[in-house]
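Commentary on secondary and tertiary structure
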Amino acid sequence: MKETTKNMTLAAMFLAIGLVLPLLTGQIPQIGNMLLPMHIPVFLCGLICGWQYGAIVGLVLPLIRYAIFGMPVLFPTGIAMSFELMTYGLVAGLLYGISRWQCVISLYRSLIAAMLAGRVVWGIVQVILLGISGNGFTWQMFMAGAFLNAIPGIIVQLILIPVIMVALNRTGLVRFRKRQPIVQEVET
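Sequence order as written defines the numbering, with residues in each chain counted from 1. With the structure being a predicted model, the display of local features is reserved for residues of pLDDT at least 70 and the display and counting of side-chain atom pairs for 80 or more, all residues being used for whole-chain, interface and lining totals. Values shown for side chains rest on all heavy atoms present in the structure; no hydrogens or waters enter the calculation.

Attention shifts here to the overall build of the protein. Scanning the protein for helices and strands turns up 8 helices and 2 strands. Starting at the N terminus, helices and strands are each numbered in turn, a helix being any DSSP run of H or I of at least four residues and a strand any DSSP run of E of at least two. Along the protein, from the amino end to the carboxyl end, the secondary structure elements read α-α-α-α-α-β-α-α-α-β. In this setup the radius of gyration rests on C-alpha atoms only. A globule is expected at 2.2 Å times the number of residues raised to 0.38. For a compact globule of 188 residues, the expected C-alpha radius of gyration is about 16 Å, and the protein comes in at 18 Å, within 12% of that figure. Along the three orthogonal principal directions, the C-alpha set of the protein runs to about 70 × 35 × 30 Å. The buried label applies to any residue whose accessible area, calculated with a 1.4 Å probe on protein chains only, is under 20% of its type's maximum; exposed applies above 50%, and partly exposed to all values in between. In the protein, which comprises 188 residues, the share counted as buried stands at 40%. Put simply, of all contacts in the protein between residues at least 6 apart along the chain, 70% involve residues at least 24 apart. When the accessible surface of the protein is totalled, it reaches about 10,700 Å², and 72% of it is carbon and sulfur. Charge counting treats Lys and Arg as positive and Asp and Glu as negative, with His and both chain ends excluded. A single reference atom marks each charge: NZ on Lys, CZ on Arg, CG on Asp, CD on Glu. In the protein, 11 side chains carry a positive charge and 4 a negative one; their mean positions are 14 Å apart. Residues are treated as being in contact if the distance between any of their heavy atoms lies within 4.5 Å. Exposure was quantified through the Shrake-Rupley algorithm and a 1.4 Å probe, taking into account, for residues, occlusion by the shown protein chains and nothing else.

This is how it looks when you write it as structure tokens:
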């Protein structure tokens, strides 16, 4: 029960950070779109609290931001972003949680896999939503939206998230761990 309460509290904190962080970069939309400020707390939530919490925070964050601030525009951006962020929290948390060793290397593996999976999900949702509305979603639009325009944000995430996790490990708030090898006793 204590762990659940801790994770729920942390997830609420990450949700609050995700609501506020875009306000710092939102004054200049081009910079905010490139730095992807809502992604960082979702990744951290998945890594620290677990995939369930990361997925839920990722799913609701863009929807709540739209309800409060009117941004991101709900259709198609906000809806596609909800599925993308849900995938980030889910995949990063799941892969990191099942890693044999929780260290910087498994952290990078989890982040990169989650980034790729989230961008694929974003592209699929965009194709569906824009297809319903009678607009097309081209390969060029996918590459620009998922990768080219996002390069600064991807770089920030790949630097900042491991730095935060290492700092949390050093303070003892979130520990990297090694699983003990399974030792089978051999009967003689």
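After presenting the structure, the write-up continues.
A few words now on a nonpolar patch on the surface. Candidate patch residues must exceed 30% relative accessible area and have no salt bridge, after which like charges are joined if within 9 Å and Val, Leu, Ile, Met, Phe, Trp or Tyr side chains if within 5 Å. Each salt bridge in this description consists of a side-chain nitrogen of Lys or Arg and a carboxyl oxygen of Asp or Glu lying within 4 Å of one another. A surface patch of nonpolar side chains, amounting to about 530 Å² of accessible area, comprises V20, L23, I68, F69, M71 and V73. Counting through the fold element by element, V73 comes out in the loop between α4 (51-69) and α5 (74-98). Given a relative accessible area of 45%, V73 falls into the partly exposed group.

Moving on: the side chain of H39. When you line up the elements, H39 lands in helix α3 (residues 39-49). Residue H39 is classed as buried on the basis of its relative accessible area, which comes to 2%.

For any pair of aromatic rings, the description consists of the separation of the ring centres together with the inter-plane angle of the planes. Think of it this way: a Phe, Tyr or Trp ring, Trp meaning its six-membered ring, pairs with another when their centres are within 6.5 Å, and the plane angle makes it stacked under 30 degrees, edge-to-face over 60, tilted otherwise. This structure, assessed with the given rule, holds 1 aromatic pair. Ring centres of F43 and Y88 lie 4.8 Å apart, and the angle between their planes is 25°; this geometry places the pair in the stacked category. Highlighted residues: F43 in helix α3 and Y88 in helix α5, separated in sequence by 45 residues.

Next up on the list: helix α6 (residues 104-132). In this analysis, the expected span of each helix is defined as 1.5 Å times one less than the number of residues it contains. Here α6 is 29 residues long and its end C-alpha atoms lie 42 Å apart, about the 42 Å a rise of 1.5 Å per residue gives. The positive-phi residue at the C-terminal boundary of α6 is G134, with phi of around 85°.

Within a predicted model, pLDDT stands for the predictor's per-residue confidence, ranging from 0 to 100. Predicted confidence across the protein gives a mean pLDDT of 88, with 91% of residues reaching 70 or more. In the predicted structure, residues 181-188 sits below a pLDDT of 50 and forms 1 contact with residues beyond four places in sequence or in another chain.

This part takes up the nonpolar core. Take the buried Ala, Val, Leu, Ile, Met, Phe, Trp, Tyr and Cys residues and link them wherever side-chain atoms come within 4.5 Å; each set so joined is a nonpolar core. In terms of nonpolar packing, the biggest core is built from 33 residues, with F43, L47, I48, I161 and M165 touching the most fellow members. A per-element tally of this core places α3 first, with 8 residues. Counting residues in hydrophobic clusters, the runner-up holds 8 residues, among them W122, V125, L129 and F142.

Attention now goes to the environment of I105. Checked against the element boundaries, I105 lands in helix α6. On the basis of relative accessible area, I105 is assigned to the exposed category, the value being 53%. Along the sequence, I105 and P162 sit 57 residues apart, while their C-alpha atoms lie 9.5 Å from each other.

Only the stretch in contact is used when fitting a helix axis, every axis being a line fitted to C-alpha atoms; angles between N-to-C directions are given from 0 to 180 degrees. The geometry of α4 relative to α5 is characterised by a closest axis approach of 6 Å and an angle of 165° between their N-to-C directions. One finds that α4 runs roughly antiparallel with respect to α5. Pair α4 / α5 crosses with right-handed handedness. On the side of α4, the interface is formed by W51, G54, A55, G58, L59, L61, P62, L63 and Y66, while α5 contributes L74, G78, M81, S82, L85, M86, G89, L90, G93 and L94. In this classification, Asp, Glu, Lys and Arg are treated as charged, Ala, Val, Leu, Ile, Met, Phe, Trp, Tyr, Cys and Pro as nonpolar, and every other residue, Gly included, as polar. For the contact of α4 with α5, the class distribution of residues is 13 nonpolar, 6 polar and no charged. Comment on the angle field: the value is read as roughly parallel under 35 degrees, roughly antiparallel over 145, roughly perpendicular from 65 to 115, and oblique elsewhere. Definitions for this section: a left-handed crossing has its near helix turned counterclockwise from the far helix by less than a right angle. A right-handed crossing has that turn clockwise.

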